[in-house]
Amino acid sequence: MEAAGLQPGIDTLDRIVDAESALVVLRTDQPEVVVEQFRQITRRSGQSAYVWYRDDGLRSLREGDVRVPGCRRVSDTLRYVLQSMHFGIYLMIGVEGPLDRAEQTLLRQLERGRSDQVRRVVLLTDDEALIDSVEGLATMMGGSVAGARPRLRDGRWVV
């Protein structure tokens, strides 16, 4: 997929939803800032967004960080996304690269299994090994704006 550098003033959430790929890499060294902004957006909008941590598994941002059972590993979470029939943004923090063959296969299935509902897996990372392992599968965002931090402005998420 083509790399999409973020420019100041562009609504990042819309860019994620409109991405060509079901997998988005958002280059950041401050993933918690992004998660907090998504938490605020989802609580206001009612949209479904989740965050996955390596040590904690998948949690709903809209439902007050309620844990999603059976989603502790990357592969389990990707299977959950594949089975979901609803809109969802899945932020993933702490995924270590390179992804193994099974995880890459699940991402390819997600890409091929396009549906009417938007489902996006967003890797929040600056890990070059991870980024290299998903090149060609992912839409890249965020690497071209040094020092730009996502923030809420009038209820919209911008960089």
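Above: the structure in question.
Residues numbered from 1 in each chain as written. Predicted model: local features only at pLDDT ≥ 70, side-chain atom pairs only at ≥ 80, totals over all residues. Heavy atoms only, no water.

1. Observations concerning the overall build of the protein
Then step 1. A tally of helices and strands in the protein yields five helices and eight strands.
Then step 2. Expressed as a percentage of the 159 residues in the protein, the buried residues total 49%.
Then step 3. Contacts spanning at least 24 positions in sequence make up 70% of the contacts within the protein whose residues lie at least 6 apart.
Then step 4. Just so you have it, the protein exposes about 8000 Å², and 45% of that area is on carbon and sulfur atoms. (Helix = DSSP H or I, 4+ residues; strand = E, 2+ residues; numbered from the N terminus. Buried < 20%, exposed > 50% of the residue type's maximum accessible area, 1.4 Å probe, protein only. Contact = heavy atoms within 4.5 Å. Areas by Shrake-Rupley, 256 points an atom, 1.4 Å probe, with all protein chains shown as cover.)

2. Side note on the sheet that holds strand 5 (residues 119-125)
Across a sheet, paired strands are connected by hydrogen bonds in the backbone, their directions being either parallel or antiparallel.
Then step 1. Taken together, the six strands give an open sheet; going across it, the order is 3-2-4-5-1-6, and neighbouring strands pair in mixed fashion. Every other strand in the sheet has two partners, leaving strand 3 (57-60) and strand 6 (138-141) as the edge strands with one partner each. Strand-to-strand twist across the sheet, computed as the mean angle between neighbouring axes with direction ignored, equals 25 degrees.
Then step 2. Where strand 2 (residues 49-53) meets strand 3, four bridges bridge the pair, whose relative direction is antiparallel. Directly across from tyrosine 53, in strand 3, lies its bridge partner glycine 57.
Then step 3. Seen against the sheet, helix 3 (residues 74-83) touches strand 2, strand 3, strand 4 (88-93) and strand 5 and runs at an angle of roughly 155 degrees to strand 5. (Pairing = 2+ DSSP bridges. Axes fitted to C-alpha atoms, helices over the stretch in contact; angles between N-to-C directions.)

3. A few points about unusual backbone geometry
Then step 1. A cis geometry characterises the amide bond from glycine 97 onward to proline 98, with omega recorded as 0 degrees.
Then step 2. Relative to the assigned elements, proline 98 resides in the loop between strand 4 and helix 4 (101-112).

4. A look at the packing of aromatic side chains
Then step 1. Summed over all chains, the structure comprises three aromatic pairs.
Then step 2. The interplanar angle of 75 degrees and the centroid separation of 6.3 Å between the aromatic rings of tyrosine 50 and tyrosine 80 together place this pair among those described as edge-to-face. Taken together, the residues span a long stretch of sequence, with tyrosine 50 in strand 2 and tyrosine 80 in helix 3 at a distance of 30 residues.
Then step 3. Centroid distance tyrosine 80 to tyrosine 90: 6.4 Å. Interplanar angle 80 degrees. Geometry classified as edge-to-face. Of the two residues, tyrosine 80 is situated in helix 3 and tyrosine 90 in strand 4; the sequence distance between them amounts to 10 residues.
Then step 4. Among the aromatic residues, those joined into a cluster by ring pairs are Tyr50, Tyr80 and Tyr90. (Phe/Tyr/Trp six-rings, centres within 6.5 Å; stacked < 30°, edge-to-face > 60°.)

5. A word on the pairing of strand 5
Then step 1. Judged by how many residues are buried, strand 5 sits mostly within the fold: seven of seven residues are covered.
Then step 2. Both faces of strand 5 are covered, namely the face carrying Arg119, Val121, Leu123 and Thr125 and the face carrying Arg120, Val122 and Leu124.
Then step 3. As paired elements, strand 4 and strand 5 share six bridges and run parallel to each other. In the sheet register, leucine 91 faces strand 5, and the bridge partner there is valine 122.

6. Points about helix 4
Then step 1. Its 12 residues give helix 4 an end-to-end C-alpha distance of 16 Å, which sits within 8% of 16 Å, the value for a rise of 1.5 Å per residue.
Then step 2. Of all the positions in helix 4, only Glu103, Gln104, Leu106, Leu107, Leu110 and Glu111 are classed as buried. Each buried residue of helix 4 lies within a common arc of 155 degrees when the element is viewed along its axis, so the set occupies one face. Those residues of helix 4 that are exposed and aimed more than 90 degrees away from the buried face are Arg101 and Arg112.
Then step 3. Residues of helix 4 that are buried sit in contact with strand 1 (23-27), helix 3, strand 5 and helix 5 (128-134).
Then step 4. Its side-chain oxygen at 3.1 Å from the backbone nitrogen of alanine 102, aspartate 100 defines the N-terminal cap of helix 4. (Expected span 1.5 Å × (residues − 1). Arc of directions from axis to C-beta. Polar contact = N/O pair within 3.5 Å; in protein donor to acceptor, adjacent residues only side chain to side chain.)

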